[in-house]
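What follows is each chain in one-letter form.
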Amino acid sequence: MTNFSKKKQGRLSYIRKNYVLYLFLAPAVLSVFIFNYIPMYGVLIAFQNFSVTKGIFGSEWVGLTHFTNFLTSPNFFQIFMNTIKLSIYGLLIGFPVPVILALMLNQVRRAGIKKNIQLIIYAPNFISTVVIGGMLFIFLSPAGPINSLLSVFFNQPISFMSEPSYFRTIFIASGIWQGAGFASIVYVAALSNSDPQLHDAATIDGASLLQRIWHIDIQVLKPVMAVLFILAVGGIMGVGFEKAYLLQTSMNLPASEVIDTYVYKRGLLAGDWSFGAAVGLFNTVIGLILLATANQVVKKLKGESLY
(Lines give C-alpha, C1' and ligand atoms only; values in the text may rest on other atoms or scores of the structure.)
Protein backbone atom coordinates (compact mmCIF):
# COMPACT_ATOMS: atom_id res chain seq x y z
CA MET A 1 0.00 0.00 0.00
CA THR A 2 1.37 3.39 -0.99
CA ASN A 3 1.85 6.27 1.42
CA PHE A 4 -0.97 8.16 -0.33
CA SER A 5 -3.40 5.28 0.23
CA LYS A 6 -2.39 5.01 3.88
CA LYS A 7 -2.94 8.73 4.41
CA LYS A 8 -6.31 8.57 2.65
CA GLN A 9 -7.44 5.65 4.79
CA GLY A 10 -6.24 7.45 7.89
CA ARG A 11 -8.26 10.55 7.01
CA LEU A 12 -11.41 8.52 6.28
CA SER A 13 -11.01 6.68 9.56
CA TYR A 14 -10.61 9.97 11.43
CA ILE A 15 -13.74 11.41 9.76
CA ARG A 16 -15.81 8.33 10.64
CA LYS A 17 -14.59 8.47 14.22
CA ASN A 18 -15.32 12.18 14.62
CA TYR A 19 -18.34 12.56 12.33
CA VAL A 20 -20.27 14.52 14.98
CA LEU A 21 -17.69 17.33 14.82
CA TYR A 22 -18.09 17.47 11.05
CA LEU A 23 -21.87 17.68 11.44
CA PHE A 24 -21.38 20.76 13.62
CA LEU A 25 -19.09 22.21 10.94
CA ALA A 26 -21.52 21.49 8.09
CA PRO A 27 -23.82 24.57 8.55
CA ALA A 28 -20.85 26.95 8.44
CA VAL A 29 -19.40 25.24 5.34
CA LEU A 30 -22.81 25.28 3.64
CA SER A 31 -23.27 28.96 4.49
CA VAL A 32 -19.87 29.90 3.05
CA PHE A 33 -20.57 27.85 -0.09
CA ILE A 34 -23.98 29.46 -0.68
CA PHE A 35 -23.05 33.07 0.06
CA ASN A 36 -19.38 33.18 -0.99
CA TYR A 37 -18.80 30.60 -3.72
CA ILE A 38 -22.05 30.39 -5.67
CA PRO A 39 -22.16 34.18 -6.33
CA MET A 40 -18.68 33.95 -7.90
CA TYR A 41 -20.26 33.22 -11.27
CA GLY A 42 -21.27 36.89 -11.26
CA VAL A 43 -17.70 37.90 -12.19
CA LEU A 44 -18.57 36.80 -15.72
CA ILE A 45 -20.16 40.21 -16.32
CA ALA A 46 -16.66 41.74 -16.13
CA PHE A 47 -16.04 40.14 -19.53
CA GLN A 48 -19.37 41.23 -21.04
CA ASN A 49 -21.44 44.25 -21.93
CA PHE A 50 -23.95 43.19 -19.33
CA SER A 51 -27.61 43.81 -20.00
CA VAL A 52 -30.20 43.30 -17.28
CA THR A 53 -32.82 42.17 -19.78
CA LYS A 54 -30.54 39.63 -21.47
CA GLY A 55 -28.98 38.29 -18.28
CA ILE A 56 -25.49 36.94 -17.70
CA PHE A 57 -25.63 34.18 -20.28
CA GLY A 58 -27.33 36.31 -22.94
CA SER A 59 -25.15 39.41 -22.79
CA GLU A 60 -22.49 40.20 -25.38
CA TRP A 61 -18.97 38.96 -24.59
CA VAL A 62 -16.23 41.59 -24.93
CA GLY A 63 -13.27 39.81 -23.34
CA LEU A 64 -10.74 42.07 -21.61
CA THR A 65 -12.13 45.32 -23.03
CA HIS A 66 -13.23 46.74 -19.68
CA PHE A 67 -9.91 45.87 -18.04
CA THR A 68 -8.06 47.59 -20.90
CA ASN A 69 -10.28 50.67 -20.62
CA PHE A 70 -9.59 50.92 -16.89
CA LEU A 71 -5.83 50.41 -17.19
CA THR A 72 -5.57 53.00 -19.96
CA SER A 73 -7.94 55.56 -18.42
CA PRO A 74 -6.39 58.95 -17.51
CA ASN A 75 -7.20 58.63 -13.80
CA PHE A 76 -6.07 55.00 -13.37
CA PHE A 77 -2.64 55.84 -11.99
CA GLN A 78 -4.01 58.38 -9.51
CA ILE A 79 -6.73 56.05 -8.20
CA PHE A 80 -4.37 53.09 -7.98
CA MET A 81 -1.67 55.07 -6.16
CA ASN A 82 -4.22 56.59 -3.75
CA THR A 83 -5.31 53.06 -2.81
CA ILE A 84 -1.75 51.79 -2.44
CA LYS A 85 -0.53 54.79 -0.44
CA LEU A 86 -3.43 54.76 2.02
CA SER A 87 -3.01 51.02 2.60
CA ILE A 88 0.77 50.84 2.82
CA TYR A 89 1.12 53.93 5.02
CA GLY A 90 -1.68 52.62 7.20
CA LEU A 91 0.03 49.22 7.45
CA LEU A 92 3.50 50.59 8.22
CA ILE A 93 2.26 53.10 10.80
CA GLY A 94 -0.69 51.21 12.20
CA PHE A 95 0.57 47.62 12.41
CA PRO A 96 3.02 48.17 15.32
CA VAL A 97 0.52 50.19 17.41
CA PRO A 98 -1.60 47.21 18.64
CA VAL A 99 1.60 45.35 19.49
CA ILE A 100 2.89 48.28 21.56
CA LEU A 101 -0.49 48.65 23.31
CA ALA A 102 -0.52 44.93 24.17
CA LEU A 103 3.03 45.10 25.56
CA MET A 104 2.11 48.13 27.67
CA LEU A 105 -1.08 46.48 28.95
CA ASN A 106 0.91 43.39 29.84
CA GLN A 107 2.98 45.49 32.25
CA VAL A 108 -0.09 46.69 34.17
CA ARG A 109 -0.37 44.39 37.17
CA ARG A 110 -3.48 45.74 38.89
CA ALA A 111 -6.49 44.00 37.35
CA GLY A 112 -8.94 46.85 38.02
CA ILE A 113 -6.79 49.50 36.36
CA LYS A 114 -6.02 47.17 33.45
CA LYS A 115 -9.73 46.55 32.78
CA ASN A 116 -10.49 50.26 32.80
CA ILE A 117 -7.68 50.98 30.35
CA GLN A 118 -8.88 48.17 28.09
CA LEU A 119 -12.43 49.53 28.16
CA ILE A 120 -11.20 52.98 27.09
CA ILE A 121 -9.03 51.78 24.21
CA TYR A 122 -11.54 49.17 22.95
CA ALA A 123 -14.52 51.57 22.93
CA PRO A 124 -13.71 53.45 19.66
CA ASN A 125 -13.99 50.20 17.71
CA PHE A 126 -17.73 50.09 18.45
CA ILE A 127 -18.40 53.58 17.11
CA SER A 128 -20.08 53.51 13.70
CA THR A 129 -17.98 54.58 10.72
CA VAL A 130 -20.70 57.10 9.87
CA VAL A 131 -20.40 58.61 13.35
CA ILE A 132 -16.60 58.71 13.03
CA GLY A 133 -16.93 60.58 9.75
CA GLY A 134 -19.34 63.07 11.31
CA MET A 135 -17.03 63.60 14.27
CA LEU A 136 -14.08 64.31 11.98
CA PHE A 137 -16.05 66.86 9.97
CA ILE A 138 -17.19 68.61 13.17
CA PHE A 139 -13.82 68.62 14.94
CA LEU A 140 -11.83 69.58 11.84
CA SER A 141 -14.21 72.16 10.38
CA PRO A 142 -12.98 75.77 10.05
CA ALA A 143 -15.12 76.67 13.08
CA GLY A 144 -14.38 73.45 14.99
CA PRO A 145 -12.42 72.96 18.21
CA ILE A 146 -9.17 71.95 16.46
CA ASN A 147 -9.06 75.18 14.46
CA SER A 148 -10.01 77.13 17.59
CA LEU A 149 -6.87 75.80 19.28
CA LEU A 150 -4.71 76.39 16.21
CA SER A 151 -5.96 79.97 15.91
CA VAL A 152 -3.37 80.86 18.55
CA PHE A 153 -0.64 80.06 16.03
CA PHE A 154 -2.35 80.71 12.69
CA ASN A 155 -4.40 83.67 11.54
CA GLN A 156 -6.48 81.70 9.04
CA PRO A 157 -8.42 78.48 9.83
CA ILE A 158 -7.12 75.35 8.10
CA SER A 159 -9.54 73.54 5.79
CA PHE A 160 -8.54 70.02 6.83
CA MET A 161 -11.37 68.25 5.01
CA SER A 162 -10.95 70.21 1.78
CA GLU A 163 -7.20 70.00 1.31
CA PRO A 164 -6.00 66.77 -0.39
CA SER A 165 -2.68 67.00 1.45
CA TYR A 166 -4.38 66.37 4.82
CA PHE A 167 -6.63 63.51 3.75
CA ARG A 168 -4.19 60.63 4.17
CA THR A 169 -3.09 61.78 7.62
CA ILE A 170 -6.70 62.15 8.78
CA PHE A 171 -7.74 58.81 7.28
CA ILE A 172 -4.84 56.82 8.74
CA ALA A 173 -4.74 58.52 12.16
CA SER A 174 -8.49 58.11 12.70
CA GLY A 175 -8.24 54.46 11.62
CA ILE A 176 -5.49 53.77 14.14
CA TRP A 177 -7.45 55.53 16.90
CA GLN A 178 -10.55 53.51 16.09
CA GLY A 179 -9.10 50.05 15.59
CA ALA A 180 -5.73 49.72 17.32
CA GLY A 181 -7.15 49.04 20.79
CA PHE A 182 -9.47 46.29 19.64
CA ALA A 183 -6.74 44.78 17.44
CA SER A 184 -4.49 44.48 20.50
CA ILE A 185 -6.83 41.84 21.99
CA VAL A 186 -5.16 39.09 19.95
CA TYR A 187 -1.71 40.12 21.17
CA VAL A 188 -2.87 40.42 24.79
CA ALA A 189 -4.26 36.88 24.55
CA ALA A 190 -0.98 35.62 23.07
CA LEU A 191 1.02 37.26 25.88
CA SER A 192 -1.04 35.36 28.44
CA ASN A 193 0.89 32.26 27.29
CA SER A 194 4.18 33.87 28.23
CA ASP A 195 5.84 31.92 31.05
CA PRO A 196 6.21 34.17 34.16
CA GLN A 197 9.18 32.06 35.29
CA LEU A 198 11.15 33.30 32.27
CA HIS A 199 10.60 36.88 33.39
CA ASP A 200 11.59 35.99 36.96
CA ALA A 201 14.76 34.26 35.79
CA ALA A 202 15.62 37.15 33.47
CA THR A 203 15.10 39.65 36.29
CA ILE A 204 17.39 37.66 38.59
CA ASP A 205 20.03 37.64 35.83
CA GLY A 206 19.84 41.43 35.68
CA ALA A 207 17.83 41.87 32.48
CA SER A 208 16.14 45.26 32.11
CA LEU A 209 12.44 45.71 31.28
CA LEU A 210 13.16 46.39 27.61
CA GLN A 211 15.43 43.36 27.40
CA ARG A 212 12.72 41.15 28.87
CA ILE A 213 10.14 42.52 26.47
CA TRP A 214 12.42 41.99 23.47
CA HIS A 215 13.74 38.54 24.33
CA ILE A 216 10.61 37.05 25.91
CA ASP A 217 7.38 38.87 25.02
CA ILE A 218 8.26 39.69 21.41
CA GLN A 219 9.31 36.07 20.81
CA VAL A 220 5.89 34.93 22.04
CA LEU A 221 4.16 37.40 19.71
CA LYS A 222 6.19 36.64 16.58
CA PRO A 223 3.98 33.79 15.22
CA VAL A 224 0.81 35.85 15.74
CA MET A 225 2.43 38.94 14.23
CA ALA A 226 3.50 36.93 11.17
CA VAL A 227 0.00 35.62 10.46
CA LEU A 228 -1.69 38.99 11.04
CA PHE A 229 0.90 40.73 8.86
CA ILE A 230 0.18 38.32 6.01
CA LEU A 231 -3.55 39.00 6.31
CA ALA A 232 -2.91 42.75 6.48
CA VAL A 233 -0.83 42.64 3.29
CA GLY A 234 -3.58 40.64 1.60
CA GLY A 235 -6.01 43.43 2.46
CA ILE A 236 -3.86 46.25 1.08
CA MET A 237 -6.16 46.78 -1.91
CA GLY A 238 -9.20 46.94 0.36
CA VAL A 239 -8.85 50.41 1.86
CA GLY A 240 -12.42 50.46 3.13
CA PHE A 241 -15.18 51.93 1.02
CA GLU A 242 -17.38 53.39 3.76
CA LYS A 243 -14.87 55.63 5.44
CA ALA A 244 -13.17 56.79 2.23
CA TYR A 245 -16.54 57.67 0.71
CA LEU A 246 -17.80 59.43 3.84
CA LEU A 247 -14.67 61.61 4.09
CA GLN A 248 -14.69 62.55 0.42
CA THR A 249 -15.41 66.09 -0.65
CA SER A 250 -15.26 67.64 -4.09
CA MET A 251 -12.01 69.37 -3.05
CA ASN A 252 -10.06 66.37 -1.69
CA LEU A 253 -10.91 63.91 -4.51
CA PRO A 254 -7.32 63.91 -5.88
CA ALA A 255 -6.27 62.13 -2.67
CA SER A 256 -9.48 60.41 -1.54
CA GLU A 257 -10.66 58.66 -4.71
CA VAL A 258 -9.72 54.98 -4.27
CA ILE A 259 -10.64 51.87 -6.24
CA ASP A 260 -13.56 50.96 -3.96
CA THR A 261 -15.24 54.37 -4.28
CA TYR A 262 -14.52 54.42 -8.03
CA VAL A 263 -16.23 51.04 -8.46
CA TYR A 264 -19.25 52.29 -6.52
CA LYS A 265 -19.58 55.43 -8.64
CA ARG A 266 -19.04 53.76 -12.01
CA GLY A 267 -20.70 50.44 -11.28
CA LEU A 268 -23.74 51.43 -9.22
CA LEU A 269 -24.34 55.16 -9.56
CA ALA A 270 -23.51 55.33 -13.28
CA GLY A 271 -25.00 51.90 -14.00
CA ASP A 272 -21.89 50.61 -15.80
CA TRP A 273 -22.15 47.16 -14.24
CA SER A 274 -19.57 45.40 -16.38
CA PHE A 275 -16.90 48.08 -16.00
CA GLY A 276 -17.43 48.19 -12.22
CA ALA A 277 -17.19 44.39 -12.02
CA ALA A 278 -13.98 44.44 -14.06
CA VAL A 279 -12.36 47.02 -11.78
CA GLY A 280 -13.49 45.11 -8.69
CA LEU A 281 -12.09 41.85 -10.09
CA PHE A 282 -8.81 43.56 -10.91
CA ASN A 283 -8.65 44.81 -7.31
CA THR A 284 -9.35 41.33 -5.92
CA VAL A 285 -6.72 39.63 -8.10
CA ILE A 286 -4.04 42.12 -7.02
CA GLY A 287 -4.98 41.51 -3.38
CA LEU A 288 -4.76 37.74 -3.86
CA ILE A 289 -1.31 38.07 -5.44
CA LEU A 290 -0.12 40.24 -2.55
CA LEU A 291 -1.50 37.74 -0.03
CA ALA A 292 0.27 34.79 -1.66
CA THR A 293 3.52 36.75 -2.02
CA ALA A 294 3.50 37.91 1.62
CA ASN A 295 2.73 34.38 2.76
CA GLN A 296 5.72 32.94 0.89
CA VAL A 297 8.09 35.71 2.00
CA VAL A 298 7.17 35.35 5.69
CA LYS A 299 7.34 31.56 5.37
CA LYS A 300 10.89 31.79 4.01
CA LEU A 301 12.01 34.29 6.67
CA LYS A 302 10.19 33.10 9.80
CA GLY A 303 8.74 29.70 8.98
CA GLU A 304 5.21 30.98 9.71
CA SER A 305 2.49 30.95 7.06
CA LEU A 306 -1.25 30.58 6.45
CA TYR A 307 -0.79 27.33 4.50
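So, a few notes on the structure that sits alongside this text. (Residues numbered from 1 in each chain as written. Predicted model: local features only at pLDDT ≥ 70, side-chain atom pairs only at ≥ 80, totals over all residues. Heavy atoms only, no water.)

### Brief notes about the overall build of the chain
Which entries qualify depends on this criterion: By the criteria applied, helices consist of DSSP H or I runs no shorter than four residues and strands consist of E runs no shorter than two, each listed in order from the N terminus. The globule rule used here is 2.2 Å times the number of residues to the 0.38 power, and the radius of gyration it is set against is calculated over C-alpha atoms. Here's how the labels work: a residue is buried when its accessible area is under 20% of the maximum for its type, exposed when over 50%, partly exposed in between, all with a 1.4 Å probe on protein chains only. When checking whether two residues touch, look at their non-hydrogen atoms; a contact exists if any pair is within 4.5 Å.
Each helix and strand in the chain was counted, giving 15 helices and 2 strands. At 25 Å, the chain has a C-alpha radius of gyration far larger than the 19 Å of a compact globule built from 307 residues. Expressed along its principal axes, the backbone C-alpha trace of the chain runs to roughly 85 × 75 × 35 Å. By the burial criterion, 31% of the 307 residues in the chain qualify as buried. Considering only contacts in the chain between residues 6 or more positions apart, those separated by 24 or more positions represent 63%.

### Looking at the environment of E163
Tracing the chain through its elements places E163 in the loop between α8 (145-150) and α9 (164-191). Residue classification places E163 among the partly exposed residues on the basis of a relative accessible area of 38%. Taking C-alpha positions, E163 is 42 Å from L191, a pair spaced 28 residues apart along the chain.

### Points about the environment of S141
With respect to the element layout, S141 can be found in the loop between α7 (129-139) and α8. The class for S141 is partly exposed, based on a relative accessible area of 21%. Residues S141 and Y122 lie 19 residues apart in sequence; the distance between their C-alpha atoms is 26 Å. Beyond its immediate sequence surroundings of up to four residues, S141 is in contact with L136 and N147.

### Quick notes on a nonpolar patch on the surface
The test is simple: The patches reported here contain residues having more than 30% relative accessible area and no salt bridge. Joining distances are 9 Å for like charges and 5 Å for nonpolar side chains (Val, Leu, Ile, Met, Phe, Trp, Tyr). Computed with a 1.4 Å probe, the accessible areas rest on the Shrake-Rupley method; for each residue, only the protein chains presented here act as cover. Just to be clear on terms, a salt bridge is a Lys or Arg side-chain nitrogen sitting within 4 Å of an Asp or Glu carboxyl oxygen.
A grouping of L30, V32, F33, I34, F35, Y37, I38, M40, Y41 and F57 is seen on the molecular surface, where their side chains present a nonpolar patch of about 1,100 Å² in accessible area. Overall, the relative accessible area of 38% leaves V32 in the partly exposed class.

### Focus: the pattern of salt bridges
Counted by the stated rule, this structure contains 2 salt bridges. We note a salt bridge from K265 to E257, for which the minimum N-O separation is 3.3 Å. Put simply, R266 and D272 hold a salt bridge, and the shortest N to O gap is 3.0 Å.

### Quick look at the side chain of T83
Condition: Pairing of N or O atoms within 3.5 Å defines a polar contact, subject to two protein rules: one partner must be a possible hydrogen donor and the other a possible acceptor, and residues neighboring in sequence count only if both atoms are side-chain atoms.
Structurally, T83 is set in helix α4 (residues 76-94). Residue T83 is classed as buried on the basis of its relative accessible area, which comes to 0%. There is a polar contact of 2.9 Å between the side chain of T83 and the backbone oxygen of I79. With near-sequence residues (within four places) excluded, T83 lies in contact with I236, M237, V239, V258 and I259.

### Topic: the layout of surface pockets
Put simply, the rule reads: For cavity detection a 1 Å grid was placed over the protein atoms alone, and a set of points counts as a cavity when a 1.4 Å probe fits there but cannot get out; an open set counts as a pocket when protein lies on both sides within 12 Å along at least five of seven lines, with lining residues being those that have an atom within 4 Å of a point. Grid points are joined across faces, edges and corners, and a volume is the space filled by probe spheres set on the points.
Reported here for the largest pocket is a volume of approximately 790 Å³. Here the element with the most residues in the lining of the largest pocket is α9; it accounts for 9 residues.

### Regarding the side chain of S174
Locating S174 in the fold gives a position in helix α9. Polar side-chain contacts of S174 include one of 3.1 Å to the backbone oxygen of F171. What S174 contacts, discounting residues up to four positions off in sequence, is L136 and K243.

### Considering helix α5 (residues 96-106)
Keep this limit in mind: The directions considered for the arc run from the helix axis to the C-beta atoms.
Within the sequence span of α5, burial applies to P98, V99, A102, L103, L105 and N106. When α5 is viewed along its axis, its buried side chains cluster within an angular range of 165° and face the same direction. Next to the buried residues of α5 lie α4, α6 (111-122), α9 and α11 (209-234).

### Let's talk about the packing of α7 against α9
Rules: In this description, a line fitted to the C-alpha atoms serves as the axis of each element, helices being fitted only across the stretch in contact, and the angle between N-to-C directions of two axes falls anywhere from 0 to 180 degrees. Each angle receives one of four descriptions, namely roughly parallel if under 35 degrees, roughly antiparallel if over 145, roughly perpendicular if within 65 to 115, and oblique otherwise. Here a crossing is taken to be left-handed if its near helix is turned anticlockwise relative to the far helix by less than a right angle, and right-handed if that turn runs clockwise. All residues other than Ala, Val, Leu, Ile, Met, Phe, Trp, Tyr, Cys, Pro, Asp, Glu, Lys and Arg, Gly among them, are scored as polar; the first ten of these are nonpolar and the last four charged.
At a closest axis distance of 12 Å, the pairing of α7 and α9 adopts a crossing angle of 125°. Taken together, the axis directions place α7 and α9 in an arrangement best described as oblique. α9 is crossed by α7, and the crossing has right-handed handedness. Of the residues in α9, those touching α7 at I132, M135 and L136 are I170, S174, W177 and Q178. In terms of residue class, the contact of α7 with α9 is made up of 5 nonpolar, 2 polar and no charged.

### Some details on the packing of aromatic side chains
Definition in use: Pairing of aromatic rings covers Phe, Tyr and Trp, the last through its six-membered ring, and needs centres within 6.5 Å; plane angles under 30 degrees mean stacked, over 60 mean edge-to-face, and all others mean tilted. Here, a charge over a ring means that NZ of Lys or CZ of Arg falls within 6 Å of the ring centre while also lying within 35 degrees of the ring normal.
This model, assessed by the stated rule, comprises 17 aromatic pairs. For the cation-ring pair, R266 lies above F275, with the distance from its terminal atom to the ring centre recorded as 4.0 Å.

### A short note on the nonpolar core
Spelled out, the test is: Take the buried residues of types Ala, Val, Leu, Ile, Met, Phe, Trp, Tyr and Cys, join any two whose side-chain atoms come within 4.5 Å, and each joined set is a nonpolar core.
Judged by nonpolar contacts, the single largest core of 33 residues is most densely connected at F70, F80, L103, L221, I259 and F282. Listing elements by their share of this core, those giving two or more residues are α3 (65-71), α4, α5, α6, α9, α11, α14 (259-269) and α15 (273-302). Considering every element that reaches this core, the biggest residue donor is α15, with 6 residues. Apart from the residues lying within four places of it in its own chain, the contact partners of F80 are M237, I259 and F282. Judged by nonpolar contacts, the second largest core, of 15 residues, contains F167, I170, F171 and A255.

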